[in-house]
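# Analysis of the macromolecular model
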Amino acid sequence: MTRILVVDDQHVSRVAVGLMLRQAGYHVALAGGGEEGLRQARARGPDVIVLDVNMPDLDGFAVVAQLKRDPETAPIPVILLTAEAPTEELVVRGLELGAYDFLAKGCSRAELLARVGVMSRIKRSHDELAALARITDVLVQATEPRELAQRFAEQVCRSFQAAAALLVLPGTAEQPDVRAGVGVAVDEPRFFLLVDALFENVQPEPGGGATVLPDATALTAPAGPAFASALVACVERVAQRPLLLAVFAEEPAAFNPEADAPLLGLLARHAVLALENALLQVQTWRQAQTLQEQAVRLESAMRERSRFFATMNHELRTPINAILGYSELLRDGIYGPLQPRQHGATERVLASAQQLLSLVNDVLDFSKIDAGKLEIVPEPADLALLLREVAAVVELQATSKGLSFAVQAPPHCRLVTDAARVRQIVLNLVTNAIKFTDRGGVELALHEAPDAVEIRVRDSGPGIAAADQERVFADFEQTEVGAGRGGTGLGLAISRRLAALLGGSLSLHSTPGEGSTFTLRLPR
């Protein structure tokens, strides 16, 4: 209800104006002089002041001047009353001091109500903008949901000059309710009784408005001291209970359905957006904290794993090298001639030890790459020569299986790269091709382009299904065909990572039953 303060030292005039305003539905307070009018204006915060100009203790101009100096009362529109039609001099003086309008005491009831109505709408517009500005400040400054809700409820209570206010955003199984109260503590039984009563009796308004309860005594009495009137906004939410925002007054019919209900509905919608955003920020922050903690633990685990791999590789290499050395001595007859069966057994020991050493080297390379500690040393290299060196190493292995082996490369192909790592990749690709090819042959080819060099390893083996062509590059992964032929499942994973470290790429094209082609592309 719009609050009007009538200030006039003349009893008859004061009562007459007050009666007309009460009959029009306004809440009216009366003051018999300028000093009393100032006290009531500061205490009550009326929406409009109707102020007599000529008063003995403090005239209307002095009252206006003091009202405008106080930030709390400065926005209140003031209509100055004069016994006769105001002169131009009086009008100019009053407007310069901050009065909004002049009115003669002999004016009609219709003119009085019209001018007061205009001033009340001006004040309501100001109050709405001020409320939105204060609440915007709250939204900017507060990020923790419960602090935001409490400060929001305080500003809403202030904007409506209410005796109490409450705000509830119902939670979920994972997220507790967000509750705030002014005049009613959120941990009191009265708060929960009020909330339950409102949820049972108030439904969301079409268009997002609010519900005015001009007589809320029966509704609020079970929760404790009753409030005479209430204004309640419910805002629907997707798949969740609605937000509840309510203000309460001790006097009946304190809230205006036309002016107050739309404003509370608007503020309630702002509250939903702000609180859900704050909850999302909290959830995001918690997830970020969890991810950061997991990253720290993972980094620590990776360091420990790398340290373990390095230690174990060192400890394993010593006995493996000893096995290889002594086996070679036995095979070469240093300790005396071997029988054919003994020679065959020694060769198998050598082959197994070589395979074990290769596995240890793969694991060490993998751990270094994973830890980011593998160094690439670029230097001028002849890739054509490198391919022929690799061919010399593996050609016997191919011919022993009855496979053809061909190398296609120009006389020279110079490139600045880490030749040792390129050799490691090519050797792994060629040995894999020989290992998985039972008939036909293997081809190692080098192709030059203006911006890159491509090394291709083509075989006539069983091929790789489309569904497995990316999986073979994953750590410790092998196809069904590969699983039965030994290996760690790390060779291709290491080769692709090495190719990336060299600034290039490693790709595969394969057709089941026709063979596979691996292409190492290195930038110039």
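Above this text sits the structure in question.
Residues numbered from 1 in each chain as written. Predicted model: local features only at pLDDT ≥ 70, side-chain atom pairs only at ≥ 80, totals over all residues. Heavy atoms only, no water.

## Some points on the environment of Gln-161
Keep this limit in mind: Counting from the N terminus, the helices are the DSSP runs of H or I reaching at least four residues and the strands are the DSSP runs of E reaching at least two. For the purposes of these results, a polar contact is taken to be a pair of N or O atoms within 3.5 Å, where, inside protein, one atom must be able to donate a hydrogen and its partner to accept one; residues adjacent in sequence count only when each atom of the pair is a side-chain atom.
Here Gln-161 is to be found in the loop between helix 6 (145–159) and strand 6 (164–169). Sequence separation between Gln-161 and Gly-45 is 116 residues; the distance between their C-alpha atoms is 8.3 Å. A polar atom in the side chain of Gln-161 sits 2.3 Å from the side chain of Arg-3.

## A few points about the packing of helix 12 (residues 419–436) against helix 14 (residues 491–501)
Counted only if it meets this: The convention used is that axes are lines fitted to C-alpha atoms, helices contributing only their stretch in contact, and that angles between N-to-C directions extend from 0 to 180 degrees. A crossing counts as left-handed when the near helix is turned anticlockwise from the far one by less than a right angle, and as right-handed when that turn is clockwise. Contacts between residues were defined by any pair of non-hydrogen atoms, one from each residue, lying within 4.5 Å.
In contact at an axis separation of 10 Å, helix 12 and helix 14 are set at 145° when each is read in the N-to-C sense. Of the two possible hands of crossing, helix 12 and helix 14 adopt the one that is left-handed. Two secondary-structure elements touch here, helix 12 through Arg-421, Gln-424, Ile-425, Asn-428, Leu-429 and Asn-432 and helix 14 through Gly-491, Leu-492, Ile-494, Ser-495, Leu-498 and Ala-499.

## Things to note about a nonpolar patch on the surface
The following threshold applies: In this analysis, a patch consists of residues with relative accessible area above 30% that form no salt bridge, clustered at 9 Å for like charges and at 5 Å for the nonpolar side chains Val, Leu, Ile, Met, Phe, Trp and Tyr. Surface exposure here means Shrake-Rupley accessible area, sampled with a 1.4 Å probe, where a residue is shielded only by the protein chains that are shown. Here, a salt bridge means any Lys or Arg side-chain nitrogen found within 4 Å of an Asp or Glu carboxyl oxygen. Whether a residue is buried, partly exposed or exposed follows from its accessible area with a 1.4 Å probe, protein chains only, as a fraction of its type maximum: under 20%, in between, or over 50%, in that order.
Together, Tyr-326, Leu-330, Ile-334 and Tyr-335 make up a nonpolar patch on the protein surface, roughly 450 Å² of accessible area in all. Relative to the helices and strands, Tyr-326 is located in helix 9 (residues 260–331). Using a relative accessible area of 52% as the deciding quantity, one classes Tyr-326 as exposed.

## Section: unusual backbone geometry
Residues apart from glycine generally show negative phi values, whereas peptide bonds are mostly found in trans. Phi angles above zero are rare outside glycine, and Gln-161 is one such case at about 50°. On the basis of relative accessibility, which here comes to 37%, the residue Gln-161 falls in the partly exposed class. Of note, Ala-253 is a non-glycine position whose phi angle comes to about 50°, a positive value. Residue position: Ala-253 is located in the loop between strand 10 (240–249) and helix 9.

## Description of helix 6
Going by this rule: Given the number of residues in a helix, its expected span is that number minus one, multiplied by 1.5 Å.
Taking 1.5 Å as the rise per residue, helix 6 with 15 residues should run 21 Å; its terminal C-alpha atoms sit 21 Å apart, in good agreement. When we look at burial in helix 6, the residues that qualify are Pro-145, Leu-148, Ala-149, Phe-152, Ala-153, Gln-155, Val-156, Cys-157 and Ser-159. The N-cap of helix 6, judged by a side-chain oxygen 2.9 Å from the amide nitrogen of Arg-146 a few residues on, is Glu-144. Backbone geometry just downstream of helix 6 places Gln-161 in the positive-phi region, at approximately 50°.

## Section: the packing of aromatic side chains
Here is the rule: Aromatic contacts are taken between Phe, Tyr and Trp rings whose centres are within 6.5 Å, Trp giving its six-membered ring; a plane angle under 30 degrees counts as stacked, one over 60 as edge-to-face, and the others as tilted.
Under the counting rule described, the total for this entry stands at four aromatic pairs. Seen in terms of ring centroids, Phe-160 and Phe-255 are 6.5 Å apart; in terms of plane orientation they differ by 70°. Their pairing is edge-to-face. One end of the pair, Phe-160, is in the loop between helix 6 and strand 6; the other, Phe-255, is in the loop between strand 10 and helix 9, with 95 residues separating them in the sequence. For the pair Phe-160 and Phe-255, a shared accessibility class is recorded, and that class is buried.

## A look at the nonpolar core
Rules: The criterion is simple. A nonpolar core is a set of buried Ala, Val, Leu, Ile, Met, Phe, Trp, Tyr and Cys residues joined through side-chain atoms within 4.5 Å.
Counting residues in hydrophobic clusters, the biggest one holds 46 residues, and the most contacted among them are Leu-383, Phe-405, Val-422, Val-430, Ile-455 and Leu-520. Elements with a contribution of two residues or more to this core: helix 10 (340–370), helix 11 (383–400), helix 12, strand 14 (441–448), strand 15 (452–459), helix 14, strand 16 (505–511) and strand 17 (515–523). Not counting the four nearest positions on each side in its chain, Val-430 is found in contact with Val-390, Val-394, Phe-405, Leu-444 and Val-457. Counting 35 residues, the second-largest nonpolar core is a separate cluster that includes Leu-231, Ala-233, Leu-264 and Ala-278.

## Regarding the environment of Pro-204
Locating Pro-204 in the fold gives a position in the loop between helix 7 (189–201) and strand 8 (211–213). Judged by relative accessible area, which is 25%, Pro-204 ranks as partly exposed. When residues no more than four places from it in sequence are discounted, the contact partners of Pro-204 are Cys-234 and Glu-236.

## A short note on the pattern of salt bridges
For the coordinates displayed, the defined rule picks out 18 salt bridges. Across the pair Asp-101 and Arg-115 runs a salt bridge whose closest N-O atoms are separated by 2.7 Å. Within this pair, whereas Asp-101 is found in strand 5 (residues 101–104), its partner Arg-115 is found in helix 5 (residues 109–141), the two being separated by 14 residues in sequence. Across the salt bridge formed by Arg-151 and Glu-147, the nearest N and O atoms sit 3.5 Å from each other. Of this pair, Arg-151 and Glu-147 are both found in helix 6, four residues apart, which corresponds to roughly one turn of the helix. What makes Arg-151 partly exposed here is its relative accessible area of 25%. Salt bridges sharing partners connect three or more residues here, namely Asp-451, Glu-454, Arg-456 and Arg-521.

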